[in-house]
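Residue strings, one per chain:
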Amino acid sequence: MASAIADALRGLLGEAKVDADPAALAARRHDYWVLSAIRDHVGEPGPSPACAVRPASVADVQATLRWANETGTPVIPFGLGSGVVGGVIASPEAILLDLGAMTAVRSIDPVNLLASFDAGCNGLEAEKAVAAQGLTIGHWPQSVAVSSVGGWVATRASGQFSSAYGNIEDVVHAIEAVLPDGEAVTLGKGPRASAGPDLRQLMLGSEGTLGVITGVTFSLRRAAQARAVSAFETPDMRTGFDFQREVIQGGWRPPVVRQYDERESRRLDARATACLILMVHEGPAALVAAETAAVADLAARMGVARAPADIVEHWLDHRNTVPSWDVFLQRGIVLDTVEVSADWSRIAPIYDDAVASLREIPGCLAGSAHSSHVYRSGLNLYFTFAVQTSDPAAMEGIYLDAWRRIMEATDRHGGSLSHHHGIGRVRRPYLERELGPGGVALLRRVKQALDPRGIMNPGVLIPDA
Ligand SMILES: Cc1cc2nc3c(=O)[nH]c(=O)nc-3n(C[C@H](O)[C@H](O)[C@H](O)COP(=O)(O)OP(=O)(O)OC[C@H]3O[C@@H](n4cnc5c(N)ncnc54)[C@H](O)[C@@H]3O)c2cc1C
């Protein structure tokens, strides 16, 4: 069957665009999800796809999807494979649609502050291209060097500078996509429109289930004229949350505002005695000076202590490291990070409840959190858990149990179950708690309308009926 799929696609697209080399396919069996790494580690790797298609153009994507739709062949879009929720897991009867050959910088327009890219363009390469003209996309996920611009849209990603510059949905100007029947659409036009529902939202967070994103246009910014940093320390998380809320609701917008609990603060800097808060201020020099002074003044009035500013410089220098799960798994350590969000009044109970629950797991080495994206109405929490076991067969159960504890604690206090990594497979069983039965039913109807044969990334995002 696999060879029949590859042969048919070679006939359609030409030899060079269809890869059936076993080693190349094995390398793209899954994304960066820890559970896939655990399965590899315990000697239970999943199957490879039937073949990988590497389209060179929108027309190639259209031809592939038309053929897949006619034959009912599953298609798994693949950007750069840095997703962490199991959005990519190959199956032997599926085509892996690898956007890695569509990497062009299509245009940069410094007058209108717009730049268009092929969806497979590496995020850091995209940023470098606009930076050469004194501009920035302003979207800095930790994975910027290992993720694609199409992947950012497909997962509804967030960058580290989001508190001023917004999340991916705030920087996307237009999205070009191919629907499951092969129809190409461009969604978004002009700086703002009142032309019915915003159809870009169909692709933002669609995780490969509603179509293939082939191009993205971003609304850019001029590179910041000035940057300053500040650091503070609060005795506990609640005081830190109150301080952050006063800063943001008071109208100040530092692009980076991060608050670490005691454990993570010490990991960040040995001098820390309690909860560190790091801020980066950017923009016109006058605004940076005013914001830095205002935040310092607010801290003094609230009794919040200053911390050494070089902690922020250190974070800036080391913020984009990509950890290797294998190093931990080889030591029997099951770990992951899980991000959620909530209103101000719900965030402290979620933090307390989830961390306490994680620390009850036998073998728990760490259950901790920091916040990294702040809004007028609340903020996110980014939990880290690490649990050690001597039994490789127990790893999967420990992993899923830790996730369950965070999801249930967040749900119990009315938080939102994902801030920016998406749903993939790991959160799929919890989606109904997030959207409600009516919301999930609506999502299924959208899926049915766009992809009636269910070819796009089956098993991801949308729970089975
Ligand atoms: C170390 C590390 C740090 C990270 N930091 C962040 C962070 O700060 N912020 C953040 O938001 N995320 C972060 N992530 C998660 C990940 O990098 C993002 O989800 C990223 O947007 C995925 O992009 P990708 O190109 O690698 O997508 P992939 O992993 O290839 O795919 C992810 C999902 O999107 C779908 N998809 C990919 N491309 C397309 C396309 N062109 N059309 C349709 N569907 C598509 C796939 O089918 C899959 O469901 C991090 C991951 C790692 C490993």
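Just so it is clear, the model here is predicted, and its values are computed rather than measured.

1. So, the sheet that holds strand 4 (residues 95–98)
In step 1: As summarised here, the arrangement of the four strands in space is 1-2-4-3, forming an open sheet in which the pairing is mixed. Either end of the sheet is taken by a strand with one partner, and the two such strands are strand 1 (18–19) and strand 3 (75–78).
In step 2: Bridge count between strand 2 (residues 51–53) and strand 4: three bridges; the pairing is parallel. Across the sheet, residue Cys-51 finds its bridge partner in strand 4, namely Ile-95.
In step 3: Each of strand 2, strand 3 and strand 4 touches helix 4 (residues 58–71); the most contacted strand, strand 4, lies at about 160° to it.

2. Brief notes about the packing of helix 3 (residues 34–41) against helix 16 (residues 395–412)
In step 1: Between helix 3 and helix 16, whose axes approach to 10 Å, the crossing angle comes to 170°. Between helix 3 and helix 16, the angle falls in the class roughly antiparallel. Between helix 3, through Val-34, Leu-35 and Ile-38, and helix 16, the contact on the second element is made entirely by Met-395, Glu-396 and Tyr-399.
In step 2: When grouped by side-chain class, the residues that make up the contact of helix 3 with helix 16 number five nonpolar, no polar and one charged.

3. Quick word on the site of the ligand
In step 1: Close to the ligand lie 36 residues; Gly-79, Gly-87, Gly-150, Gly-151 and Gly-208 are nearest.
In step 2: Elements with a contribution of two residues or more to the shell around the ligand: strand 3, helix 6 (149–155) and strand 10 (212–219).
In step 3: Here the element with the most residues in the shell around the ligand is helix 6; it accounts for five residues.
In step 4: Residue composition of the shell around the ligand, grouped by class: 17 nonpolar, 17 polar and two charged.
In step 5: Two domains each put at least three residues into the shell around the ligand: domain 1 (2–100) and domain 2 (103–222).

4. Looking at the domain arrangement of the chain
In step 1: Each domain of the chain was delimited in the assignment, giving domain 1 (2–100), domain 2 (103–222), domain 3 (226–257 + 265–318), domain 4 (325–424) and domain 5 (427–465).
In step 2: Relative to domain 5, the C-alpha centre of domain 1 lies at a distance of 22 Å.
In step 3: Listed by partner, the interface residues are ten residues for domain 1 and seven residues for domain 5.
In step 4: When residues in the side of domain 1 that touches domain 5 are grouped by element, the largest group, three residues, is from strand 3.
In step 5: Partitioned by chemical class, the residues of the side of domain 1 that touches domain 5 number six nonpolar, four polar and no charged.

5. Let's talk about the sheet that holds strand 6 (residues 114–118)
In step 1: Taken in spatial order, the five strands of this open sheet run 5-6-10-8-9, and their pairing is antiparallel. Every other strand in the sheet has two partners, leaving strand 5 (105–109) and strand 9 (184–187) as the edge strands with one partner each. The sheet shows a mean angle of 10° between the axes of neighbouring strands, taken without regard to direction.
In step 2: Its contacts with the sheet put helix 5 (residues 123–131) on strand 5 and strand 6, and the angle it makes with strand 5 is roughly 35°.

Cut-offs and rules
- Residues numbered from 1 in each chain as written.
- Predicted model: local features only at pLDDT ≥ 70, side-chain atom pairs only at ≥ 80, totals over all residues.
- Pairing = 2+ DSSP bridges.
- Helix = DSSP H or I, 4+ residues; strand = E, 2+ residues; numbered from the N terminus.
- Contact = placed C-beta atoms within 7 Å.
- Axes fitted to C-alpha atoms, helices over the stretch in contact; angles between N-to-C directions.
- Parallel < 35°, antiparallel > 145°, perpendicular 65-115°, else oblique.
- Nonpolar A, V, L, I, M, F, W, Y, C, P; charged D, E, K, R; others polar.
- Near = placed C-beta within 6 Å.
- Domains from an automatic or database assignment.

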